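# Commentary on secondary and tertiary structure
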Amino acid sequence: MIIVTSGHVDHGKTALLQALTGTHTAHLPEEKKRGMTIDLGYAYLPVGDKVLGFIDVPGHEKFLANMLAGLGGIDYAMLVVASDEGIQPQTQEHLTILTLLQIEQIIVVISKADRADDKQITQLKHQLQQRYPALAQSPIFVTSARTGQGIEQLRDYLQHLSYQGQIDKPFRYAIDRVFSLKGAGTVVTGTAFAGKVTINDELYLSTGQKVRIKNIHAQNQPSQQGLAGQRLALNINIDLAHNSIQRGDWLFCQPAPPPTERITIWLNSQVNLSENQAVHIYHAATRTTGRLTLLTSKQLAPQQQGLAELILDNPQFLAYGDKLILRSGDAKSVIAGAKVVEINSPKRYKRQEVRLNYLKFLIQARHCAERISLYLQSQARTFQQLCWLEQLTAQQLTQILQQNGDIHFQDWCFNQHFMQQQKANLLNALQHYHQQHPDQIGLGKARLYRIACLAQPEKLIYHFIEQMQQQGQIQQTRGWLHTPEHKLQFTTEERDFWQQVFALFEQQQGQALWVREVANTLSVEETLARNFMYKAGKLGYLTAVVKDRFFLTESIYAYARLIKQIIAEQGGISVNQLRDQLGFGRKLTVQLMEYYDRCGFLRRKGNQHLLRDQDIFDF
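The name an unreviewed UniProt entry gives the protein is Selenocysteine-specific elongation factor, with Volucribacter amazonae as the organism. According to the UniProt record, the Subcellular location (unreviewed entry) comment for the protein is "Cytoplasm".

This is the structure:
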């Protein structure tokens, strides 16, 4: 367990920790020279079967960024106030930050008691509790590092604090220092936000590189494992000379998704905020800049809450519920605290009523099972996305999906409502296509997907199409999808006439015929020939590549198989290549190729035509 020690510069934080633990946390020469903490200092206190870790954060305003780096994953804090100086600017700013980060408990430590009388100390206690509601129920200890007053009582209180670490979550570790040790190699230090790690575990740097844990120091002691809420030094098998690791990087137990640059947050304002402004953003050991946009109002008054969007200049690895601190564009003052509500937020329609209601429901959700239900309300999410967003193990997420009655298919998670909605879109698209194109059998799978469900995962929609085929909602003829009702058949007379038409096509040896050619050769009216040939097209016997010009459908399939073979060997095919292969004139070859593009079998890229949907013309 880690306890952060904060307060104004020279109020005795470092001396207090030395009295508690016997360790002087000033570790940099510049700190010792100046007599103040510049970077984070650490001290440890073994008590019974556990070790308390203390972070001594800088008190000077110029070093506030380093102070913020120490507050990720912390549940308890000591606010140190010198009895002779009382409340100072950094006292208030540190308390504001601790409050905004929703620290479990803030313990007030009045230091340097030997420099003030009882009346001063009593007034200071009263002032702290009256002025700051967050401290109204806080325990207060009066101490002196020089005389030892109150040190034992404080130490006893601290050792009985309950452990809050989220050990059952996936391991997530914020790096704040990187260095090399002779004989050991690369060592990173930081705070474990969640989960646990053991020696020989394989972890993933946020840079994407896989590393192995060689040794662990937990709370400054050699250990076989490290747990959430502990200060850990991890010896990893990576060469710093050839790899870049820096403060602000992370270690995860599984590969992380790409970092996010656009997030939605629940904002707790400390000053008047305008609709759009530049900010500095602090999370764990990272600091970046960005732009804050209010979503539900044009202004936010102090102590008000509201939804907002952050666009980050440098993408960050964030998950639901992560806590942020925002400072002004000039980085001189804290302006708000925030909780991450959504990552990878949409760029458009962000203020629509439906979306804002969805975000409010997310905030009001009592637990992650309710939020997962909301995530899957109108879209499918990958299993990995949900695991990351809620920081769940695969087993935990599987249990929640089962509990909610949601569906997990391959990489995708969705609910019954989403599935039925997409199936209805597919069926409606097919019916509309039949109305608009009664001379066509139907649509290829890829084209139906693009018409009905383009914004949805392609493989998942294909799965729904297969289900609809199995359930008889959709049928397939020669690779074309259509509704069961969309069927045609020849009359007895038409079957006889088809034999004559078919014989003409056979004489052409794979060439196309115009309607007028068939009418003149068979001595029938052109209108009669046209209506018949389009009906044959509906039945799948003929295929019109342009108006009134038909191929035998079996020829279309044969040429498609040839095209697939050429593309498999060469990656694409041009009109000239197909013309040479078939021996057609250029005009007819262009018409044929454009038909293949139009029906979704091919797509054009420059002079080349590439395969779009290899399932068409398989039957």
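## Observations concerning the sheet that holds strand β21 (residues 305–316)
In spatial order, the strands read β16-β21-β19-β18-β22-β23; together these 6 strands close into a barrel with antiparallel pairing. The sheet shows a mean angle of 40° between the axes of neighbouring strands, direction not considered. Sheet topology note: the strand β18 (residues 276–283)/strand β22 (residues 323–328) ladder contains 4 bridges and is antiparallel. What sits directly across from His-280, in β22, is Arg-327.

## Here we look at helix α6 (residues 151–159)
When we look at burial in α6, the residues that qualify are Ile-151, Leu-154, Arg-155 and Leu-158. For α6, the angular spread of the buried residues around the axis is 100°, confining them to a single face. Across from the buried face of α6, at angles greater than 90 degrees, the exposed residues are Glu-152 and Gln-153.

## Observations regarding the nonpolar core
Among the nonpolar cores identified, the biggest contains 52 residues, and Ile-265, Leu-267, Leu-292, Leu-310, Leu-324, Leu-326 and Ile-372 are the most heavily contacted of them. Ranked by residues supplied to this core, first place goes to strand β23 (residues 334–343) with 6 residues. Excluding anything up to four places from it in sequence, Leu-326 contacts Ile-265, Leu-267, His-280, Ile-281, Leu-292, Leu-310, Ser-333, Val-334, Ile-335 and Ala-336. Counting residues in each nonpolar core, the second largest holds 29 residues, with Ile-87, Leu-98, Ala-331 and Val-334 among its members.

## A few points about the pairing of strand β30 (residues 542–546)
The element β30 is extensively covered by neighbouring structure, given that 4 of its 5 residues are classed as buried. Across 4 bridges, the pairing between β30 and strand β31 (residues 549–552) is antiparallel. Each residue of the ladder has a partner; that of Thr-543, found in β31, is Phe-551. The turn joining β30 and β31, which pair antiparallel and follow one another in sequence, is formed by 2 residues; a positive phi near 70° is taken by Asp-548.

## Some points on helix α17 (residues 553–570)
Here α17 contains 18 residues, and its C-alpha end-to-end distance of 25 Å stays within 8% of the 26 Å for a straight helix at 1.5 Å per residue. Those residues of α17 lying buried are Thr-553, Ser-555, Ile-556, Tyr-557, Tyr-559, Ala-560, Ile-563, Lys-564, Ile-566 and Ile-567. Just downstream of α17, Gly-571 is the residue with a positive phi angle, here 90°.

## So, the environment of Glu-458
Looking at the secondary structure, you find Glu-458 in helix α13 (residues 458–470). Using a relative accessible area of 38% as the deciding quantity, one classes Glu-458 as partly exposed. Distance from Glu-458 to Ala-446, taken between C-alpha atoms, is 8.4 Å for residues 12 residues apart in sequence.

## A look at the environment of Glu-342
In this structure, Glu-342 sits in strand β23. Using a relative accessible area of 9% as the deciding quantity, one classes Glu-342 as buried. Taking C-alpha positions, Glu-342 is 10.0 Å from Thr-260, a pair spaced 82 residues apart along the chain. With sequence-adjacent residues up to four places away left out, Glu-342 is seen in contact with Ile-263, Thr-264, Arg-355, Tyr-358 and Leu-359. Among the polar contacts listed, one links the side chain of Glu-342 to the side chain of Ser-345, at a separation of 3.3 Å.

## Examining the side chain of Glu-93
With respect to the element layout, Glu-93 can be found in helix α4 (residues 89–100). At 3.5 Å, the side chain of Glu-93 forms a polar contact with the backbone nitrogen of Val-334.

## Some remarks on the pattern of salt bridges
Taken as a whole and judged by the stated rule, the model has 20 salt bridges. In this structure, Asp-580 engages Arg-579 in a salt bridge whose closest nitrogen and oxygen atoms are separated by 3.3 Å. It is possible to trace a salt-bridge network through shared partners that takes in Arg-516, Glu-526, Arg-530 and Asp-548.

## Examining the environment of Val-334
By secondary structure assignment, the location of Val-334 is in strand β23. For Val-334, a relative accessible area of 9% gives the class buried. Look past the residues within four positions of Val-334 in its chain and what remains in contact with it is Glu-93, Thr-96, Ile-97, Leu-100, Gln-270, Val-271, Ile-325, Leu-326 and Arg-327.

## Some words on the sheet that holds strand β26 (residues 412–414)
Overall, antiparallel pairing links the 3 strands, which are arranged β24-β26-β25 in an open sheet. Lying at the two open borders of the sheet, with one neighbouring strand each, are β24 (381–382) and β25 (407–409). Pairing of β25 with β26, which is carried by 3 bridges, proceeds in the antiparallel orientation. When the bridges of β26 are listed, Ile-407 appears paired with Phe-414.

## Structural notes on the confidence of the model for the protein
Put simply, the protein has an average pLDDT of 88, and 93% of its residues get 70 or more. Here residues 26–39 is a poorly scored stretch, pLDDT under 50, and it has 32 contacts once near neighbours within four places are set aside; other chains count. Residue range residues 59–63 is modelled with pLDDT below 50. Its contacts to residues more than four positions away, or to other chains, number 16 contacts.

## Let's talk about unusual backbone geometry
The phi dihedral of Ser-523 is positive, around 55°, even though this residue is not glycine. The topology assignment puts Ser-523 in the loop between α15 (515–522) and α16 (526–539). Owing to a relative accessible area of 66%, Ser-523 belongs among the exposed residues under this scheme.

## Observations regarding the packing of helix α11 (residues 416–436) against α13
At a minimum axis separation of 10 Å, α11 and α13 run at an interaxial angle of 75°. Judged on the interaxial angle alone, α13 and α11 are roughly perpendicular. Between α11 and α13, the residues in contact are Phe-418, Met-419, Gln-422, Lys-423, Leu-426 and Leu-427 and Leu-460, Ile-461, Phe-464, Ile-465, Gln-467 and Met-468, respectively. Of the residues in the contact of α11 with α13, the class split is 9 nonpolar, 2 polar and 1 charged.

## What to know about the packing of helix α8 (residues 368–375) against helix α9 (residues 383–390)
α9 packs onto α8 with a crossing angle of 140° between their chain directions and a minimal axis gap of 11 Å. Comparing the axis directions of α8 and α9 gives the class oblique. Of the two possible hands of crossing, α8 and α9 adopt the one that is right-handed. Residues Cys-368, Arg-371, Ile-372 and Tyr-375 of α8 pack against Leu-386, Leu-389 and Glu-390 of α9. Per-class residue counts for the contact of α8 with α9 are 5 nonpolar, no polar and 2 charged.

What counts as what
- Residues numbered from 1 in each chain as written.
- Predicted model: local features only at pLDDT ≥ 70, side-chain atom pairs only at ≥ 80, totals over all residues.
- Heavy atoms only, no water.
- UniProt positions renumbered as here; feature names shortened; annotations may be inferred.
- Pairing = 2+ DSSP bridges.
- Helix = DSSP H or I, 4+ residues; strand = E, 2+ residues; numbered from the N terminus.
- Axes fitted to C-alpha atoms, helices over the stretch in contact; angles between N-to-C directions.
- Buried < 20%, exposed > 50% of the residue type's maximum accessible area, 1.4 Å probe, protein only.
- Arc of directions from axis to C-beta.
- Core = buried A, V, L, I, M, F, W, Y, C linked by side-chain atoms within 4.5 Å.
- Contact = heavy atoms within 4.5 Å.
- Expected span 1.5 Å × (residues − 1).
- Polar contact = N/O pair within 3.5 Å; in protein donor to acceptor, adjacent residues only side chain to side chain.
- Salt bridge = Lys/Arg side-chain N within 4 Å of Asp/Glu carboxyl O.
- pLDDT = per-residue confidence, 0-100.
- Parallel < 35°, antiparallel > 145°, perpendicular 65-115°, else oblique.
- Nonpolar A, V, L, I, M, F, W, Y, C, P; charged D, E, K, R; others polar.
- Left-handed = near helix turned anticlockwise from the far one by under 90°.

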